[in-house]
Amino acid sequence: MSKTIELEIGGMTCAACVGRVERGLKKVDGVQDATVNLATERATVTFDPAVTGVPALIGKVQDTGYEARTAHTELSVTGMTCAACVGRVERALRKVDGVLDATVNLATERASVDALGSVSVGQLKAAIRDAGYDVLDTGAGAARADAERATREQEVQDMRRAVVFSAAFAVPLLLLAMLPMLWPALEMWLMDTVGMQTLNVVMLALATPVQFGPGRRFLKSGWAALRHRSPDMNSLVMIGTLAAYGYSVLVTVAPGLFPAGSAHVYFEASAVVITLILLGKYFEAVAKGRTSEAMKTLLALQPATATVVRGGQDVELPVDDVREGDVIRVRPGGKVPVDGTVESGESWVDESMITGESVPVAKSAGAAVVGGTLNGNGTLTFRATRVGNDTALAQIIRLVETAQGSKPPIQGLADRVVAVFVPIVLVIAALTFLTWWLLGGPDALSQALVHTVAVLIIACPCAMGLATPTSVMVGTGRAAALGVLFRSGTALEALGGVDVIAVDKTGTLTLGHPELTDLHVQPGFERADVLRVIAGAEGDSEHPIARAIIGAATREGLDVPVATAFQARPGLGLEATVDGKRVQIGADRYMTELGLDVAPFAAQAARLGDEGKSPLYAAVDGTLAAVIAVADPVKAGSAEAVRALHALGLRVAMVTGDNERTAHAIARSLGIDTVHAGVLPGGKSDVVAALQAGGARVAFVGDGINDAPALASADVGVAIGTGTDVAVETADVILMAGDLRGVPNAVALSRATLRNIRLNLFWAFAYNVLLIPVAAGVLTPSLGVNLNPVLAAAAMGLSSVFVLTNALRLRGFRAPVSAQAVAARPAGQPVPA
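Just so it is clear, the model here is predicted, and its values are computed rather than measured.

Novice: Would you mind showing me how to read the overall build of the protein here?
Specialist: The number of helices and strands found in the protein is 30 helices and 29 strands. The 833 residues of the protein split such that 52% are buried. Restricting the contact set of the protein to residue pairs at least 6 apart, pairs at least 24 apart contribute 68%.

Encoded structure:
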């Protein structure tokens, strides 16, 4: 059977484009016809779905040089209870014509759908509702989060009421059924005064409100799942409790149908099982609310209002009304509402909520500020550069939401098992019933019923569905608090498995711009006086070395004088007159030409050479005054980061375009294992490929545009968040602070999250593998061990609560390295000698 779809095509400009796309589509095997309309930018394609699929058609459009537009939609799904529900919703969405992929997360209760532009949100909602679930109509951003939070709170309240109502009937029922068994005198008194038949009628009256009141949710959802031939946890509970309740009703109304001694009622089993499962669901709902705590914290960072300067007056406006270009004033202790650039004022800003760094950062005119950060004791006036969904905070929230909703590869194991798990359980339950009915002796029917119900209840796959997404949610939330953003669950899993961390040097290990790192003066000279005059001599130069020296003098609060009689000495240095003094700066050969002996600085020069720095000398009025060095200094924390990576068992490689001498000097000072120096900008990805060729899994850390190919080709790309947008967009992991110490923290958190997921999956699988045979009565003939349906329900609920509680332990993850901010040096602080 043929199928016709419409593709939205972008990039076409003329009839030649139309013909090119049509010819390309018609070449795809299975395509029977393709027509393209330039005006509507749509392609109508008729094809045989048994031969080809929509992804192949999209790929062909892209191969011809055009864009097949697709849309990404997020939907909040309600009513899911286990991994089988997740699979059912995913299958329903994927059956919609034009849907390319659909993933559903049980922990966040959200469906992510990639589809052709022709697929409407209404179609997706209808598919979910037809599958027996509902869709929460929400807005975007904070509005959606508020709606989801309100729904979750309502769910907790509804579940609490259901538990209280069920318990009000189930507890007396349990006492009525169990106490006589434990206290023979009470049983004799009840039989003599009330009678078995009357007692059964009383228990029927207590069990019915539970079965068809709070228990109705299992009947409704379970029957819908069976109708769609996709049984889930609700189906198991429905079959199990209805079997126990129905059997007991027959015993009550028609006891003569049963052999003597087998007419037992199990009303307490059905009612207590429903109550305990609801109690487990209540604990789940409470715990799931706690797993999204990181998102609540992020959403709470942005203030509701902003003080905007309009017509010279301060006007308080909702933050949503702030526009790009507005001038905004932030008073001491206030929150920065949006991203911008400071125009006036000085203050220290606490950026820990964005970067994970605890030390406030100095801000003055020209500095960038980020929305959501906390202003210190000064007033800042800044111009808004990014507002609304374009702010850094909004992008962080989107990244965290995407990561929390995505599935790491390890989730595939759970998905494959759950796809066949419930049908297998139904088969096991049927075999259990038949075996006990045929071989159970005088009490065969009762034994068959009890063991079958226990199997159905114990096998509910709730824990399997929650095992991975809850850990991913909590792990990515904790990472965000540490200033580490994972783009996806795949990145979260992959980072923990890398063997080598390849690090770009400039801007990653080092600050990325030259600074005055060393200044040693001869006896008889004052350091500040020498720095002042050499800065004056360099005043007219745009050379990076000159800029570094002048910058150091400015930071130390020195007044840089204007030089006269400036003369450059090509290949040697320069000469100028500053404050009436003749100042000469250059290499050792220039000093030799001037007749000055540099031997007094031999020790310092040797040390600088070992560090890969080229010493320069300064003479004042014909006397050797100082030795100086300008270099791209290593960032504070780089050495600590390398040590922490070694402690995690990782090898560290440095990739740089610098010369061998400088590269090896930095590598020695930091303890880096391997150096790849003299690498051309386009060659970094080749270094990554060479490391991978040896069988190593490689994470590349970089910050520049030329790092983008290496970030993309590495197993995991890690971008320094203070780097270029291109690097950040290409990477799988983003370090919001410009601090390499975030890398070992990210690796350690990835490993902790993976351990947490594995423990969850082990518990979920082992619980079922071990207890289903016990519930089926395998140990009854030899050891006399029976698993009562009531205990099965309690164990099932506890397994889900265990998984959630275990995931929540990640909130207490302690980073192996404490990443402190490298704040800008205040004026007057000396450059390290």
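Novice: Help me understand the pairing of strand β3 (residues 42-47), please; the structure alone is not making it clear to me.
Specialist: Remember that side chains alternate between the two faces of the sheet whenever the strand is regular. Pairing analysis gives six bridges linking strand β1 (residues 3-10) to β3, with the strands arranged antiparallel. Within β3, the position partnered with E8 by the bridge is R42. Examined bridge by bridge, strand β2 (residues 31-37) and β3 share six bridges and lie antiparallel to one another. Residue V31 lies in a different strand from β3, and its bridge partner there is F47.

Novice: Would you explain the packing of helix α15 (residues 444-458) against helix α28 (residues 742-776) in this entry?
Specialist: Packed helices, taken two at a time, are described by the angle their axes make and the gap between the axes. At a closest axis distance of 8 Å, the pairing of α15 and α28 adopts a crossing angle of 170°. Put simply, α15 runs roughly antiparallel to α28. Counting all contacts with α15, which are made through H451, A454, V455 and I458, the residues of α28 involved are Y767, N768, L771, I772, A775 and A776. Among the residues making up the contact of α15 with α28, the classes are represented as eight nonpolar, two polar and no charged.

Novice: What exactly am I supposed to notice about the pattern of salt bridges here?
Specialist: Once their charged atoms are close, side chains differing in charge can pair, the charge on each being opposite to the other. One pass over the full model with this rule turns up 17 salt bridges. Residues D499 and R697 are paired through a salt bridge, measuring 3.4 Å at the closest nitrogen-oxygen approach. With a gap of 198 residues between them, D499 in the loop between α17 (489-495) and β18 (500-504) and R697 in the loop between α25 (684-693) and β27 (698-702) connect regions that are remote in the sequence. Taking relative accessible area as the criterion, D499 reaches 27% and is therefore assigned partly exposed. R607 serves as the salt-bridge partner of D518, at 3.2 Å between the closest nitrogen and oxygen. With D518 in strand β19 (residues 515-521) and R607 in helix α22 (residues 602-610), this residue pair connects regions lying 89 residues apart in the sequence.

Novice: Before we go on, may I ask you to explain the sheet that holds strand β13 (residues 361-363) in this structure?
Specialist: Hydrogen bonding along the main chain pairs the strands of a sheet, whether they run parallel or antiparallel. The three strands lie next to each other as β13-β12-β15, forming an open sheet whose pairing is antiparallel. Looking at strand neighbours, the two that pair on one side only are β13 and β15 (374-375), the edges of this open sheet.

Novice: It is not clear to me how a nonpolar patch on the surface should be interpreted in this structure. Could you clarify?
Specialist: Where nonpolar side chains cluster on the molecular surface, the patch consists of L434, W437, L438 and L439 and spans about 490 Å² of accessible area. Among the structural elements, L438 can be located in helix α14 (residues 411-439).

Novice: Mind showing me how you'd approach the packing of aromatic side chains here?
Specialist: The geometry of an aromatic ring pair is captured by two quantities: the separation of the ring centres and the angle between the planes. The tally for this structure, following the rule as stated, stands at six aromatic pairs. Relative to Y245, the ring of F212 has its centre 5.5 Å away and its plane inclined at 85°; by these criteria the two rings are edge-to-face. Highlighted residues: F212 in helix α7 (residues 196-212) and Y245 in helix α9 (residues 233-253), separated in sequence by 33 residues. Between the aromatic rings of F601 and Y617, the centroid separation amounts to 6.5 Å while the plane-to-plane angle is 40°, which identifies the pairing as tilted.

Novice: How should the UniProt feature "transmembrane region" (unreviewed entry) in the protein be read in this particular structure?
Specialist: In this numbering, the UniProt entry assigns the feature "transmembrane region" (unreviewed entry) to residues 162-183, 195-215, 236-258, 264-283, 417-439, 445-468, 761-784 and 790-808. Helix makes up 81% of residues 195-215 and strand 0%, whereas the separation of the span's terminal C-alpha atoms amounts to 29 Å. The distance separating the terminal C-alpha atoms of residues 264-283 is 33 Å; by composition the span is 85% helix and 0% strand.

Novice: Got a minute to help me understand the confidence of the model for the protein in this structure?
Specialist: Segments scoring low in pLDDT should not have their predicted coordinates read at a detailed level. The pLDDT averaged across the protein works out to 80; a share of 86% of its residues lies at or above 70. When mean pLDDT is taken per element in the protein, strand β10 (residues 327-330) scores highest with 93 and helix α27 (residues 725-730) scores lowest with 57. A low-confidence stretch, residues 819-833 stays under pLDDT 50, and its non-local contacts, those more than four residues away or across chains, total 43 contacts.

Novice: I keep staring at the side chain of T391 and nothing clicks. Help me out?
Specialist: Within the element layout of this structure, T391 appears in the loop between β16 (380-386) and α13 (392-405). Engagement of the side chain of T391 in a polar contact is seen with the backbone oxygen of G388, the distance being 3.3 Å. If we skip the residues at most four places from it in the chain, T391 touches V338, D339 and R386.

Novice: I tried to follow the sheet that holds β16 on my own but got confused; where do I start?
Specialist: Here we have six strands laid out as an open sheet, ordered β9-β8-β10-β16-β11-β14, and antiparallel in their pairing. Sheet topology places β9 (313-318) and β14 (368-369) at the edges, where each strand pairs with a single neighbour.

Novice: Please explain the packing of helix α19 (residues 527-537) against helix α20 (residues 544-555) as it appears in this structure.
Specialist: Remark: α19 packs on α20, axes separated minimally by 9 Å, with the N-to-C direction vectors making an angle of 135°. Our classification of the angle between α19 and α20 gives oblique. Classified by chirality, the crossing of α20 by α19 is left-handed. Every residue of α20 that contacts α19 at L531, I534 and A535 is listed here: I549, I550, A552 and A553. Considered class by class, the residues forming the contact of α19 with α20 number seven nonpolar, no polar and no charged.

Novice: Looking at this structure, I do not really get the pairing of strand β23 (residues 616-620). What am I missing?
Specialist: The element β23 is extensively covered by neighbouring structure, given that five of its five residues are classed as buried. Burial along β23 is two-sided: the residues L616, A618 and V620 and Y617 and A619 are all buried. Relative to β23, strand β22 (residues 581-586) is paired through four bridges, and the arrangement is antiparallel. The residue of β23 that forms the bridge with I585 is A618. With five bridges joining them, β23 and strand β24 (residues 623-631) adopt antiparallel strand pairing. Residue A619 lies in a different strand from β24, and its bridge partner there is L624.

Novice: What am I meant to see in α20 here?
Specialist: Each α-helix turn comprises 3.6 residues. Residues three or four places apart therefore point the same way. Helix length check: α20, at twelve residues, gives a terminal C-alpha distance of 16 Å against a target of 16 Å (1.5 Å per residue), a fit within 8%. Those residues of α20 that fall on the buried side of the exposure criterion are A546, A548, I549, I550, G551, A552 and A553. Immediately downstream of α20, the backbone of G557 shows phi near 75°, a positive value.

Novice: Hey, could you run me through helix α3 (residues 83-94) in this one?
Specialist: Its twelve residues place the ends of α3 17 Å apart at the C-alpha level, agreeing with the 16 Å of an ideal helix rising 1.5 Å per residue. Among the twelve residues of α3, ten are classified as buried, and the element is accordingly described as predominantly covered. Those residues of α3 not exposed but buried are A83, A84, C85, V86, G87, R88, V89, E90, A92 and L93.

About the cut-offs
- Residues numbered from 1 in each chain as written.
- Predicted model: local features only at pLDDT ≥ 70, side-chain atom pairs only at ≥ 80, totals over all residues.
- Heavy atoms only, no water.
- Helix = DSSP H or I, 4+ residues; strand = E, 2+ residues; numbered from the N terminus.
- Buried < 20%, exposed > 50% of the residue type's maximum accessible area, 1.4 Å probe, protein only.
- Contact = heavy atoms within 4.5 Å.
- Pairing = 2+ DSSP bridges.
- Axes fitted to C-alpha atoms, helices over the stretch in contact; angles between N-to-C directions.
- Parallel < 35°, antiparallel > 145°, perpendicular 65-115°, else oblique.
- Nonpolar A, V, L, I, M, F, W, Y, C, P; charged D, E, K, R; others polar.
- Salt bridge = Lys/Arg side-chain N within 4 Å of Asp/Glu carboxyl O.
- Patch = residues over 30% accessible without salt bridge, like charges linked within 9 Å, V, L, I, M, F, W, Y side chains within 5 Å.
- Areas by Shrake-Rupley, 256 points an atom, 1.4 Å probe, with all protein chains shown as cover.
- Phe/Tyr/Trp six-rings, centres within 6.5 Å; stacked < 30°, edge-to-face > 60°.
- UniProt positions renumbered as here; feature names shortened; annotations may be inferred.
- pLDDT = per-residue confidence, 0-100.
- Polar contact = N/O pair within 3.5 Å; in protein donor to acceptor, adjacent residues only side chain to side chain.
- Left-handed = near helix turned anticlockwise from the far one by under 90°.
- Expected span 1.5 Å × (residues − 1).

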